[in-house]
Each structure stands twice: as C-alpha cells, then as structure tokens.
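If you want the building blocks of each chain, they are given just below.
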Amino acid sequence: MEDEILRIIAAELVGEPVAEEERVRVNRWRGVSRENEKMYRMVTGELGEVVRLVRLKGGLDSEKAYERLEGEMQKTMIKLKKKEKVRRMSWWRYGASVAGVLLMLGVGVMVWMKPEEGKLRVTGERVEPGSGQVVLTLGGGEVVLLKRDTSELILADTALRITNERNTLVYSGIESKEASGEMIYNTLTVPANGEYQLVLSDGTKVFLNSGSEIRYPEAFGEGRREVFLKGEAWFEVAKDSEREFWVRTGMMDVKVLGTSFNVNAYEKLGKVAMTLVEGSVEVACVGKSFRIVPGEQFVYDKNSREADVRMVDTEQYTSWKDGYYKFRQTTLEEIMTTLSIWYEVNVFYQNESAKQVEFTGKVKRYEDIRVLLDKFEQTENVTFDIKGNNVFIKVR
C-alpha cells in the first residue's frame, strides 16, 4: 500500500499526470497518522528541492543527471536524519520511503534533459494501446469474447466454474488430482495492444502481455501441470510438492514447483528468455538443462543457437505487468522492440547509429506512443516520424 502511495507522490514531484482518485488516496493516507503526514511533508519539501535542482541543471546527459540526483538525495537524508522530528520516526521506514521516491524520479530525469518547449520533432499520427479483443476458446470450440472491467459468468457445472472478473479470468471449483480421462484444454488469446490476467484451477496466477496466447487445462490431473505459451507472461505458480509445473514455449521449457518468473517467447523475436524473481527453476533448451536462481535470466538466441545465463535487474524485464517500463542504459533498438509489440508498430532506422543510443528512466505504459517518443527526443539527438503504424527513426 505504502509503495503505491509513494509512487503517486513521486509522480506529482516529477510532473507526471495524477488522477483525482489517486490524490484522494494520498490525502486519506496522510490522515491516517501524524507520522504519515510528517513523512509526506519531508518527502515533498526536501526532495522537491532536489527535483528542482536537477530540473534546472540536468543537462543533456541522463546518467550524470541521475548521479547528481542520487548525490543530492544522500545529502538530504543526512540533513534530515539530524533533525529531531526524524529521530522520533522509524528511520529505516523513512529511508525506504525516500528510496522509493528516488527510484520513481528516474521518470522525471528523462523529461528534464532538454526542457526546450515547443521544439519536439515527433510527427505523425496518434498510436494508442488497449483496443484489441481478448478471446477465450473453450475445449468444445466455443468462442467467448471477454469484456473488460465487467464481471460475468462464463461457465458453471458441478465440477467447474469460470468467471470473468474485471480483466481476470478465474477457474474455480473442483481442482482434482484424481481427474481421469482426457483433459479439456482452453485457450486465452490476448491481442496486440492488450493484456489480461488468468487464475488457473490450482491457484497459479498468470499475467499475459500484449500479443500473447496460453493453452491450459480446465483442471489439472494428478500428473505434472503443463501450460503452453506463445508470447510473454508473468507467472506466480501455486506451490504443490507433488506436481511439477511446466511452461512449454516450443523453443524453451521451464520447470518449477512454486515461484515467480517471467517468460518472453514471442515468435517474431530473435530470442527467448526467462527471468526469475523468486524460487528456483530449471530451463530445458536445445538438449541442455540450466538451473536458474533468483536475479538470473536465461536467454537463448535463435540465430546463433547459443544459450546464456546472466545476472540482471529483474525489474527491467517484469515492470510491464505493473504498467510501466524501466530502462537502465538500454539501447533504443531494445526499447523499440518492446514498444513495437505493445503498440503494434513497425520500426525503421534511417541511421544504424540510432539503434545504439541509450536511455535511462521509467515511463508509464498506458500512454500514446507519441508521448513516450517525445521523452526520448528530449534526452538524445534523435527524431521520430510516425506514419500510420510505421515509426521512422534517425539521428539528427
């Protein structure tokens, strides 16, 4: 709860749009206790000065601006710690809160790099996400179009109940380990520009990204639990020591007992990847087995046919499910690959050097792509021209 409050406060600090209902949540939180009110005043007061400093002196280098912000942040924390009112607070709690705000300020750094109003060069048509139709295909072939932001009963019998609960498809009822006979499979298809959540019969939670599809049984049997994925999904697997959970992608198979991880297996991309946040998994790929621990990412390159395991900042690969993208010295080519899937656009580079331009920051996901590209233009010497569903990029 507090993390979400801090996200809203940080968004206001850096000039991001904040909904009225979010402002109400912050005010309600401030009224819960005097400690919350003190924290709010210190964060907005002291860090507000830091924000203004970076906004004025950020320059063109996003990395240096970010480093300057961190340095000023440390000075602020030292100064505040000396104040009597902070001593009476739980200091670790305040420090964690400020760190959360600092993390969010990565969004603002991108906006401040080149504050010349009226000189943005992004041209072309508006391209927005979120208009596609989510489809559920039942085992008997019946097709159900799922409605967003509504609750409806899809199927109900003595053993199974399927409900659509505001962007989440939920399977409940009898989850039988003694199930016999042939299992019935359903398929959930999420179009480009969309996303949807799924709760399987065993309690496993799945968050499907844009342009993805998952095939799964209505109820798991007594053997291993298996689902088949095309695209990208975040999994929170329900623990079951008697039944392994497998995610099959065609190029890569992931085996777990209970954990949280992200699988990226879009057919159009040149790589498949699995990023582990919690637990332990085993990845089977090209005839080999790889044991992965939290903080690691497994990557298989389809072209070179090489597999690699590396330590990563997992938030960069899982933040999509929380409605934003995080970049840390990420190349424009990598960023546009991600955005092309979400916004369903084709990307063309008029200069090869444009692919290697790097960005650092966090940007909201639910915006017109022009807004995102505007921010990129403010930080580097690149321009974007949008024509239909095509984006043309070049170095100035």
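This is a predicted model, so every value here is computed, not measured. (Residues numbered from 1 in each chain as written. Predicted model: local features only at pLDDT ≥ 70, side-chain atom pairs only at ≥ 80, totals over all residues. Heavy atoms only, no water.)

**Examining the pairing of strand S23 (residues 382-387)**
Put simply, side chains in a regular strand alternate between the two faces of the sheet. For S23 and strand S24 (residues 390-395), the ladder comprises six bridges, and the chain directions are antiparallel. Across the sheet, the residue bridging to Ile386 is Val391, located in S24. In textbook terms, the turn of a hairpin is the stretch between consecutive antiparallel strands, and for S23 and S24 this stretch comprises two residues, one of which, Gly388, has a positive phi near 65°. (Pairing = 2+ DSSP bridges. Helix = DSSP H or I, 4+ residues; strand = E, 2+ residues; numbered from the N terminus.)

**A look at the pattern of salt bridges**
Side chains bearing opposite charge may pair, as long as their charged atoms lie close to each other. All told, the structure shown has 15 salt bridges when counted by the stated rule. The closest approach of N and O atoms between Asp253 and Arg248, which form a salt bridge, is 3.1 Å. In this structure, Asp253 and Arg248 share a single accessibility class: buried. For Asp322, the salt bridge is made with Lys321, and the minimal N-O distance between the two is 3.3 Å. Residue Lys321 is classed as buried on the basis of its relative accessible area of 18%. (Salt bridge = Lys/Arg side-chain N within 4 Å of Asp/Glu carboxyl O. Buried < 20%, exposed > 50% of the residue type's maximum accessible area, 1.4 Å probe, protein only.)

**Considerations on the confidence of the model for the protein chain**
Per-residue confidence for the protein chain gives a mean pLDDT of 78; residues scoring 70 or more make up 72%. Every residue in residues 55-66 is under pLDDT 50, and counting partners more than four places away or in other chains gives 25 contacts. In the model, residues 83-123 has pLDDT below 50 throughout and makes 110 contacts with residues more than four positions away in sequence or in other chains. (pLDDT = per-residue confidence, 0-100. Contact = heavy atoms within 4.5 Å.)

**Here's the deal with the packing of aromatic side chains**
We describe a pair of aromatic rings using the distance from one ring centre to the other and the angle between the two ring planes. Counting across every chain of the model gives ten aromatic pairs. Ring geometry for Trp342 and Tyr343: centres 6.4 Å apart, planes at 80°, overall edge-to-face. For Tyr343, a relative accessible area of 2% translates into the label buried. Aromatic ring contacts, followed pair by pair, group Phe220, Phe235, Phe245 and Phe261 into a single cluster. Lying across the ring of Tyr185, Arg215 places its NZ or CZ 4.2 Å from the centre. Seen from the ring of Phe392, Lys387 lies directly overhead, with NZ or CZ sitting 5.9 Å from the centre. (Phe/Tyr/Trp six-rings, centres within 6.5 Å; stacked < 30°, edge-to-face > 60°. Lys NZ or Arg CZ within 6 Å of the ring centre and 35° of its normal.)

**As for helix H8 (residues 332-343)**
Residues separated by three or four positions in an α-helix point in the same direction, a consequence of the helix having 3.6 residues per turn. Helix length check: H8, at twelve residues, gives a terminal C-alpha distance of 16 Å against a target of 16 Å (1.5 Å per residue), a fit within 8%. Turning to H8, its buried residues number three or more, namely Leu332, Ile335, Met336, Leu339, Ser340, Ile341, Trp342 and Tyr343. Of the residues flanking the end of H8, it is Glu344, one or two places downstream, whose phi is positive at about 55°. (Expected span 1.5 Å × (residues − 1).)

**Structural notes on unusual backbone geometry**
Note: most residues except glycine have negative phi, and most peptide bonds are trans. One non-glycine residue, Asn167, adopts positive backbone phi at about 70°. Topologically, Asn167 is positioned in the loop between strand S5 (160-165) and strand S6 (168-173). Residue Asn167 is classed as partly exposed on the basis of its relative accessible area of 23%. Of note, Val286 is a non-glycine position whose phi angle comes to about 45°, a positive value. Mapped onto the fold, Val286 is located in the loop between strand S16 (281-285) and strand S17 (288-292).

**Quick word on helix H2 (residues 20-30)**
Along H2, the residues classified as buried are Glu22, Val26, Trp29 and Arg30. Buried residues along H2 cover an arc of 105° about the axis, so they all sit on one side. Seen from the buried face of H2, the exposed residues on the opposite side, beyond 90 degrees, are Glu20, Glu21 and Arg28. (Arc of directions from axis to C-beta.)

**A word on the side chain of Thr259**
Looking at the element boundaries, Thr259 is found in the loop between strand S13 (253-256) and strand S14 (260-265). The exposure class of Thr259 is buried, given its relative accessible area of 6%.

**Structural notes on the pairing of S16**
Residues of S16 alternate between two faces, with Val281, Val283 and Cys285 buried on one and Glu282 and Ala284 left unburied on the opposite face. One ladder, built from four bridges, connects S13 with S16; its direction is antiparallel. By the bridge assignment, Val256 is partnered in S16 with Val281. Sheet analysis places S16 next to S17, joined by five bridges and oriented antiparallel.

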